[in-house]
Amino acid sequence: MTIAVTGPLACGKSTFVRILGELGAETVSADALVHDLLLGDEKTIRRIAGRFGDGVRGEEGGIDRRALAGVVFGDPEALKDLEDILHPLVREETDRRVSASDAEVFVAEIPLLFEGERSGQFDLTVAVTAPEERRRAWAAERGMGEDQRRAIEARQLPQEEKARRADVVVENDGDLDKLRGQAEGLFERFRGGNGRREGEEG
Ligand SMILES: CC(C)(COP(=O)(O)OP(=O)(O)OC[C@H]1O[C@@H](n2cnc3c(N)ncnc32)[C@H](O)[C@@H]1O)[C@@H](O)C(=O)NCCC(=O)NCCS
Ligand SMILES: Nc1ncnc2c1ncn2[C@@H]1O[C@H](COP(=O)(O)OP(=O)(O)OP(=O)(O)O)[C@@H](O)[C@H]1O
């Protein structure tokens, strides 16, 4: 069974997917694939430095993500150019991993799942949501400025809309033990190939 997990900025998607991985799912993250490309894929690094200048190069030869974030979050045209470079590569690698997998449960974390119209490729879609003030606090904790947070949110559908489109909604409104319990409950359903239960919240 293939499952796509999405959700807004700092809602706990990666944590939820990590728990599913610990329970036995094979997992992939679009954000992590991007980070790998920016760290070590020479061709991609050259294209991005060519478009955005050597100021976005890091000291170790890869791209400095913080510098690049400063350039693209807040400039929709620049962000689109970056997405045009990265999204086809991320899509290709995700598809390759799904096809190569023989795992009973395969989980892909895709922040722009519904914005990119990719949801039909998966057996089931899950949206993780969290109270807004909590998401803001988590974003601030990781050093993200208000302007950057707003720019990212402007590029994404509101979390209510993501939740409306998803087959299953996981409300991350408690502690980590609660989230683990939610993941365990869903994983048991996924394993039976029985994730889709219309209208029910996870
Ligand atoms: C700008 C970059 C270098 C910043 O890296 P950094 O490590 O600082 O942030 P990170 O990648 O963790 O992203 C922070 C948050 O923004 C979200 N986000 C990232 N890119 C986008 C985007 N194009 N549109 C909307 N949200 C985005 C992420 O899902 C995450 O929630 C990086 O996010 C990037 O290259 N983004 C463009 C590629 C992309 O669209 N990625 C989204 C998944 S494919
Ligand atoms: N239920 C929870 N209780 C306590 N902390 C949590 C909970 N869920 C997530 N967190 C913490 O909140 C932060 C954000 O979570 P996480 O990185 O999983 O979110 P994300 O949606 O993947 O973020 P991003 O949008 O940056 O990719 C992390 O520090 C994580 O440990």
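Residues numbered from 1 in each chain as written. Chains lettered and ligands numbered in written order. Predicted model: local features only at pLDDT ≥ 70, side-chain atom pairs only at ≥ 80, totals over all residues. Heavy atoms only, no water.

In the annotation of an unreviewed UniProt entry, the entry for the protein reads Dephospho-CoA kinase, and the organism field reads Rubrobacter marinus. As stated in UniProt under Subcellular location (unreviewed entry), the record for the protein gives "Cytoplasm". Listed in UniProt under the heading Sequence similarities (unreviewed entry), the comment for the protein reads: "Belongs to the CoaE family." (UniProt positions renumbered as here; feature names shortened; annotations may be inferred.)

Asker: In this structure, what is going on with the overall build of the protein? I would like to understand it.
Answerer: Of regular secondary structure, the protein possesses 9 helices and 5 strands. Ordered by position from N to C terminus, the α and β elements of the protein give β-α-β-α-α-α-α-β-β-α-α-α-β-α. In terms of C-alpha radius of gyration, the protein reaches 17 Å, essentially the compact-globule figure of 17 Å for 202 residues. Structurally, the protein occupies a C-alpha span of about 50 × 40 × 25 Å along its principal axes. For the protein, restricting intrachain contacts to residue pairs at least 6 apart in sequence, the fraction spanning at least 24 positions comes to 76%. (Helix = DSSP H or I, 4+ residues; strand = E, 2+ residues; numbered from the N terminus. Rg over C-alpha atoms; globule rule 2.2 N^0.38 Å. Contact = heavy atoms within 4.5 Å.)

Asker: Explanation requested: the domain arrangement of the protein in the structure shown.
Answerer: Many authors give the size of an interface as the accessible area that is lost as the parts come together. For the protein, the assigned domains are domain 1 (1-25 + 105-202) and domain 2 (32-102). Taking only C-alpha atoms into account, the centre of domain 1 sits 22 Å from that of domain 2. Counting residues at the interface gives 12 residues for domain 1, matched by 14 residues for domain 2. Interface area, domain 1 with domain 2, both sides summed: about 940 Å², of which 64% is carbon and sulfur. The largest per-residue losses of area from domain 1 upon contact with domain 2 belong to F106, R118 and Q148, which jointly make up 47% of the total buried on that side. When the shortest N-O distance is used, the salt bridge between D95 and R118 registers 2.9 Å. On the surface where domain 1 and domain 2 come into contact, there are 2 residue pairs in polar contact (both at pLDDT 80 or more). (Domains from an automatic or database assignment. Buried area = accessible area lost by both parts, 1.4 Å probe. Salt bridge = Lys/Arg side-chain N within 4 Å of Asp/Glu carboxyl O. Polar contact = N/O pair within 3.5 Å; in protein donor to acceptor, adjacent residues only side chain to side chain.)

Asker: Please explain the UniProt feature "binding site: ATP" (unreviewed entry) in the protein as it appears in this structure.
Answerer: UniProt marks A10, C11, G12, K13, S14 and T15 with the feature "binding site: ATP" (unreviewed entry), using the numbering shown here. Checking the annotated residues one by one, the ones that line the largest pocket turn out to be A10, C11, G12, K13, S14 and T15. Tracing the sequence through the fold places A10 in the loop between strand 1 (2-6) and helix 1 (13-23). For A10, a relative accessible area of 8% translates into the label buried. Residues contacting A10, with those up to four places away along its chain left out, are R135, W138, A139 and R142. As for its placement among the helices and strands, K13 is situated in helix 1. (1 Å grid on protein atoms, 1.4 Å probe; cavity = no way out; pocket = protein on both sides within 12 Å on 5 of 7 lines; lining within 4 Å. Buried < 20%, exposed > 50% of the residue type's maximum accessible area, 1.4 Å probe, protein only.)

Asker: Got a minute to help me understand the site of ligand 1 in this structure?
Answerer: By nearness alone, 21 residues border ligand 1, and H35, R65, E83, H87 and Q156 come closest of all. In this structure, D31 approaches ligand 1 through a side-chain N or O atom, which is 3.0 Å from an oxygen atom. Within the side chain of R65, an N or O atom sits 2.6 Å from an oxygen atom of ligand 1. For ligand 1, the protein covers 90% of the area, taking 760 Å² as the surface of the free molecule. (Near = heavy atom within 4 Å. Areas by Shrake-Rupley, 256 points an atom, 1.4 Å probe, with all protein chains shown as cover.)

Asker: What is the right way to look at the site of ligand 2 in this model?
Answerer: Ligand 2 sits among 17 residues. The nearest are A10, S14, T15, R142 and N172. Contact between ligand 2 and N172: a nitrogen atom at 2.8 Å from a side-chain N or O atom of the residue. A distance of 3.3 Å separates a nitrogen atom of ligand 2 from a polar atom in the backbone of D175. Relative to its unbound accessible area of 630 Å², ligand 2 is 76% covered by the protein chains. The pocket occupied by ligand 2, as judged from atoms lying within 2 Å of grid points, is the largest pocket. Contributing elements (two or more residues each) for the shell around ligand 2: helix 1 and helix 6 (132-141). By residue number, the principal contributor to the shell around ligand 2 is helix 1, which donates 3 residues. Looking at side-chain class alone, the shell around ligand 2 contains 6 nonpolar, 5 polar and 6 charged residues. (Sits in = over half its atoms within 2 Å of the grid points. Nonpolar A, V, L, I, M, F, W, Y, C, P; charged D, E, K, R; others polar.)

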